[in-house]
Every structure is written in structure tokens, then in C-alpha cells.
Amino acid sequence: MRDQGLARVPMFRTLDDALLGEIARRHTARSVPAGVALAHTGDPAEHLLVVESGTVSAACHGRDGSRVRFVTVTGPAVVDKAAVLAGGRHTATWTTASPCRVSRLPASLLRQLIDTVPSMRDHVLRYLSEQVNQDRLAMTRRASGRPVVRVASWLLETGRGRAGRVGLPGSQEGLGEEIGLSRVSVNRALRDLAASGLVRVEPGAVVVLDPPGLAAVRDG
């Protein structure tokens, strides 16, 4: 029988039922409450973190004590594949932002699947390419000194340039941590965008109403 937890994770969808079942039997998912660190900055990246359900966030602290949020991920998903593939250490602390179902797969299993399952290899190559592009976009976004431009860029990137609801990574404060702004600056930028009719701000989310208008702010 196909394991319904792993089968929902994009990385594992193409695996056959027998292999999915074997992985699930050997590496059982567990329930983790909110606020638990699944991996710490500097820990050896020896296991792949598979989030079958729930939300996790990645953050680290700078030398001055400031907190930088890298990303918030909602399952089903696999997090920090790059660190595991590199055989290095986690560059961020991954913390559950809500109750989650999480399993840990050995790095050796990931490498074996990449070597033997073409669809897995293709998935990882696409992921690495997308990661490079996302990092470039993040660098470009941070290079802008105007908070409203950073917020508009993040909304377009996260919402893939489409109208609709975009969840915030841990409220407006979390968004500020991710794009290098204070909560006050994020709030002011969102108010300006809302006053222009480009977005609507809701608790924990922003509804993009006018993607071309946001693009004009980003590029302007």
C-alpha cells in the first residue's frame, strides 16, 4: 500500500509503492509540537528533514545578535536538501512554527536514490537550479534601500507573480526578518501598497490584487 505521508512530498511522488513503503517502515515519521528546533546552525547535515505536514522556518543570528529569517516552508516538503547534498553542516536553525509530522532520512539514502532513480535525480537538479535563482532574487531584493520595493518584490516572488493570497512567514515581523527590515518598516510599506490598491492586508497574509502594479513598484 502506498504510504500517504511520503507520497504527498513532491520529491518522493514518483517512487514506486514498494520503495515508499520500505522507506516509511524504516524511518517512521513522528509528531513534533510547535517551537522545537529540528536542526541547529552548525549541526552536521547527516539527515534529510522530511516535513509531511505543518510549517517550519529557517533562521540564524548575526554576530550583532540580529535574527535573520531565511525561509518558511509548509509541508509536504523536504528542507535543507542543499546542506545534506553538500555533506556539510546546517547553515540555519530549522524550527517548527506549528505542530508537524517529521521524518529523518539518512543522507546515504538520498544519495542512493539519486544514483538509482532518474526522477529523483531530475528533481534534485531542478531544486538546485531554482535555489540559485532564488538566491539571486533575494540578493537583488536586499540591494534595494526602499522598504516598499523589498516588500513588493517578496510578494511577487512568493506569489509567483499572480493575484491571490500570500501567507506571511510568522506575521509582519517574520517577513521583516526574511527581507532585512523592521516590523515597523514592513507595516508602513504594506499600508502604502494597500492605499494604492495593490494589495489587501489580512491577519497573517497579504492578498495581491494588482500584480502588474506591484511589478511597477518593484521596477520603478
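For every chain, the first residue of the written sequence is number 1, and numbering continues from 1 onward in sequence order. Reporting of local features is limited, given that this is a predicted model, to residues whose pLDDT is at least 70; pairs of side-chain atoms are given and counted only at 80 or more, and all residues count toward the totals for whole chains, interfaces and linings. The basis for every side-chain value is the complete set of heavy atoms in the structure, and neither hydrogens nor water enter the calculation.

A look at the overall build of the protein chain
When helices and strands are counted, the protein chain shows eight helices and 11 strands. Categorising residues by exposure relies on relative accessible area from a 1.4 Å probe, with only protein chains included: less than 20% of the type maximum marks a residue as buried, more than 50% marks it as exposed, and the intermediate range marks it as partly exposed. Looking at the protein chain as a whole, 44% of its 220 residues qualify as buried. Sequence separation of 24 or more characterises 67% of the internal contacts of the protein chain that already satisfy a separation of 6 or more. The helix and strand labels rest on DSSP assignments: H or I over at least four residues marks a helix, E over at least two residues marks a strand, and numbering proceeds from the N terminus. Contacts: residue pairs with any heavy atoms within 4.5 Å of one another.

Overview of the sheet that holds strand β11 (residues 205–208)
Taken in spatial order, the three strands make up an open sheet running β9-β11-β10, and their pairing is antiparallel. The sheet is open, and its two borders are formed by β9 (164–167) and β10 (199–202), each paired with just one other strand. With strand direction ignored, the average angle separating the axes of adjacent strands in the sheet is 25°. Two strands are counted as paired when DSSP detects at least two bridges linking them. Relative to β11, β9 runs antiparallel, the two sharing four bridges. Across the sheet, valine 166 pairs through a bridge with valine 206, a residue of β11. Fitted lines through C-alpha atoms serve as axes, helices being fitted only where they are in contact, and the angles separating the N-to-C directions of these axes extend from 0 to 180 degrees.

A word on the pattern of salt bridges
Any two side chains of opposite charge can pair if their charged atoms end up close together. Basic side-chain nitrogens of Lys or Arg form a salt bridge, by our definition, when they fall within 4 Å of a carboxyl oxygen of Asp or Glu. In total, this model carries four salt bridges according to the counting rule given. The salt bridge partner of arginine 25 is glutamate 22, with a shortest N-O separation of 3.0 Å. Taken together, the residues span about one helical turn, with arginine 25 and glutamate 22 both in helix α1 (residues 17–26) at a distance of three residues. When the shortest N-O distance is used, the salt bridge between arginine 218 and aspartate 219 registers 2.8 Å. Given a relative accessible area of 56%, aspartate 219 falls into the exposed group.

Quick notes on the side chain of glutamate 52
When you line up the elements, glutamate 52 lands in strand β3 (residues 47–53). When residues no more than four places from it in sequence are discounted, the contact partners of glutamate 52 are Gly5, Leu6, Arg8, Ala29, Gly75, Pro76, Arg101 and Ser103.

Side note on the sheet that holds strand β1 (residues 30–32)
Taken in spatial order, the four strands of this open sheet run β1-β8-β3-β6, and their pairing is antiparallel. The two strands at the open ends of the sheet, each matched to only one other strand, are β1 and β6 (77–79). Within this sheet the neighbouring strands show an average axis-to-axis angle of 40°, counted without direction. Alignment of β1 against strand β8 (residues 100–106), held across three bridges, turns out to be antiparallel. Opposite serine 31, over in β8, you have arginine 101 as the bridge partner. Contacts from helix α3 (residues 107–116) reach β3 and β8 within the one sheet, and its direction differs from that of β8 by about 75°.

Brief notes about α3
By the burial criterion, the buried members of α3 are Ala107, Leu109, Leu110, Leu113 and Ile114. Taken around the axis of α3, the buried residues stretch over an arc of 160°, which confines them to a single face. Exposed residues on α3 whose side chains face more than 90 degrees from its buried face are Ser108, Asp115 and Thr116. It is the directions from the helix axis to the C-beta atoms whose arc is reported.

A closer look at unusual backbone geometry
In the segment running from glycine 75 into proline 76, the intervening peptide bond is cis, with an omega of 10°. Along the chain, proline 76 turns up in the loop between β5 (67–74) and β6. We note that aspartate 80 has phi near 55°; this positive angle belongs to a residue other than glycine. Within the secondary structure, aspartate 80 is located in the loop between β6 and α2 (81–86). Positive phi, normally seen in glycine, also occurs at arginine 160, with a value near 55°. Topologically, arginine 160 is positioned in the loop between α5 (147–158) and β9.

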